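# Analysis of the macromolecular model
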Amino acid sequence: MPRESPKPDVFPQTLHTWIDARLEDGQLGRLDVNNHIMTTYALPLRIYLLGSSWRRFGEADEIINGFFAGRLDKPDFFTQWQASGKRLRYWLINALRFHLQEQYRRGKRDHVDVLPDDPDEAKAHRDFDRAWAMSLIREACRDAQQHCAEEGLEDHWSVFHQHHVEGVAYRDIAAAMKISPGRCAVMSRTATSRFKQAMANRLQLDGTPDTALNSEIDVLLEAIQ
């Protein structure tokens, strides 16, 4: 994670607040943003690539590394993203496709202007969405667990994790912790609110507006079912 990534309980007041602030801090801030992008999106982009017809173009990790090296340091890369209004993850997919097309044309003697449609594109997008959703949820879990620890709510997080991740019934958790099942449910709801807050914070970094946060969370949770 970036050195100065936002606290999980901070909701930026405008889109991309943390990214904007880091970019204004010069080269070190830009390195933090680039590190966040590579940490968060490298695996989903790799899965997208492997699910598309571009998988025949070369070794996936080399392609993704070359894409990041060629795009992230462009001075206007993030300005163009913010002006586009797109979610960052979809902006990155489009940028990756442009990168691949450039590499393809550079290697072709006849300089093909239009590449054929990719019959695997729809599935590749679904694979990407699922991988990105799972990555974001893992990061949100880590953020929320840290937040609960800072608040002295370790037991609340334990109940949440046991019930929602491990599938343990409240009555069994309650018996082990010597509390009532009703108390378990209350503790889980407290941790759930921290988890959803952490998810919302991560989604805002991807460019999700405040008005769409709840619906986007629902879509993410559905994507991993």
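Bear in mind that the values here come from a model prediction, so they are computed numbers and not experimental data. (Residues numbered from 1 in each chain as written. Predicted model: local features only at pLDDT ≥ 70, side-chain atom pairs only at ≥ 80, totals over all residues. Heavy atoms only, no water.)

### A few points about helix α4 (residues 77–84)
Listed in full, the buried residues belonging to α4 are F77, F78 and W81. For α4, the arc enclosing every buried residue in end-on projection is 90 degrees, short of the 170-degree limit, so these residues lie on one face. For α4, the exposed residues lying more than 90 degrees away from the buried face are T79 and A83. Of the surrounding elements, those touching the buried residues of α4 are α1 (17–23), α2 (27–51), α3 (60–71), α5 (88–106) and α9 (181–205). Just downstream of α4 lies G85, where phi reads positive at about 80 degrees. (Buried < 20%, exposed > 50% of the residue type's maximum accessible area, 1.4 Å probe, protein only. Helix = DSSP H or I, 4+ residues; strand = E, 2+ residues; numbered from the N terminus. Arc of directions from axis to C-beta. Contact = heavy atoms within 4.5 Å.)

### Examining the packing of aromatic side chains
Evaluation of the coordinates by the stated rule reveals eight aromatic pairs. One aromatic cluster is present, formed by F77, F78 and W91 through successive ring pairs. (Phe/Tyr/Trp six-rings, centres within 6.5 Å; stacked < 30°, edge-to-face > 60°.)

### Examining the confidence of the model for the chain
Averaged over all residues, the pLDDT of the chain is 84; the fraction at 70 or higher stands at 86%. For the chain, per-element mean pLDDT is lowest for helix α10 (residues 213–223), which scores 80, and highest for helix α8 (residues 170–177), which scores 95. For the stretch residues 1–15, pLDDT sits under 50, and the model shows 40 contacts to residues farther than four places along the chain or on other chains. Here residues 109–114 is modelled with pLDDT under 50, and outside its nearest four sequence neighbours on either side it reaches five contacts, counting other chains as well. (pLDDT = per-residue confidence, 0-100.)

### What to know about the nonpolar core
Core analysis: the biggest nonpolar cluster contains 48 residues, and I37, L45, L92, L96, W157, F195 and M199 have the highest contact counts within it. Residue contacts for M199: discarding those within four places in its chain leaves L136, I137, A140, I217, L220 and L221. The next biggest cluster of nonpolar side chains, apart from the first, holds five residues, and it includes V159, I173, A174 and C184. (Core = buried A, V, L, I, M, F, W, Y, C linked by side-chain atoms within 4.5 Å.)

### A closer look at the pattern of salt bridges
The final tally for this structure, using the stated rule, is 12 salt bridges. Salt-bridge contacts for R97 lead to E121; the nearest nitrogen and oxygen are separated by 3.0 Å. Here R97 is found in helix α5, whereas its partner E121 is found in helix α6 (residues 121–150), with 24 residues between them in sequence. In this structure, E139 engages R202 in a salt bridge whose closest nitrogen and oxygen atoms are separated by 3.4 Å. Separated by 63 residues along the polypeptide, E139 in helix α6 and R202 in helix α9 bring together distant segments of the chain. (Salt bridge = Lys/Arg side-chain N within 4 Å of Asp/Glu carboxyl O.)

### Here we look at empty space enclosed by the protein
Remark: the empty space left among the atoms is shown by a probe the size of a water molecule rolled over them. Applying the stated criterion across every chain yields a total of two cavities of 30 Å³ or more. Its boundaries defined by the atoms lining it, the largest cavity holds a volume of some 50 Å³. Elements that contribute at least two residues to the lining of the largest cavity include exactly α2, α6 and α9. (1 Å grid on protein atoms, 1.4 Å probe; cavity = no way out; pocket = protein on both sides within 12 Å on 5 of 7 lines; lining within 4 Å. Points joined across faces, edges and corners; volume = space filled by probe spheres on them.)

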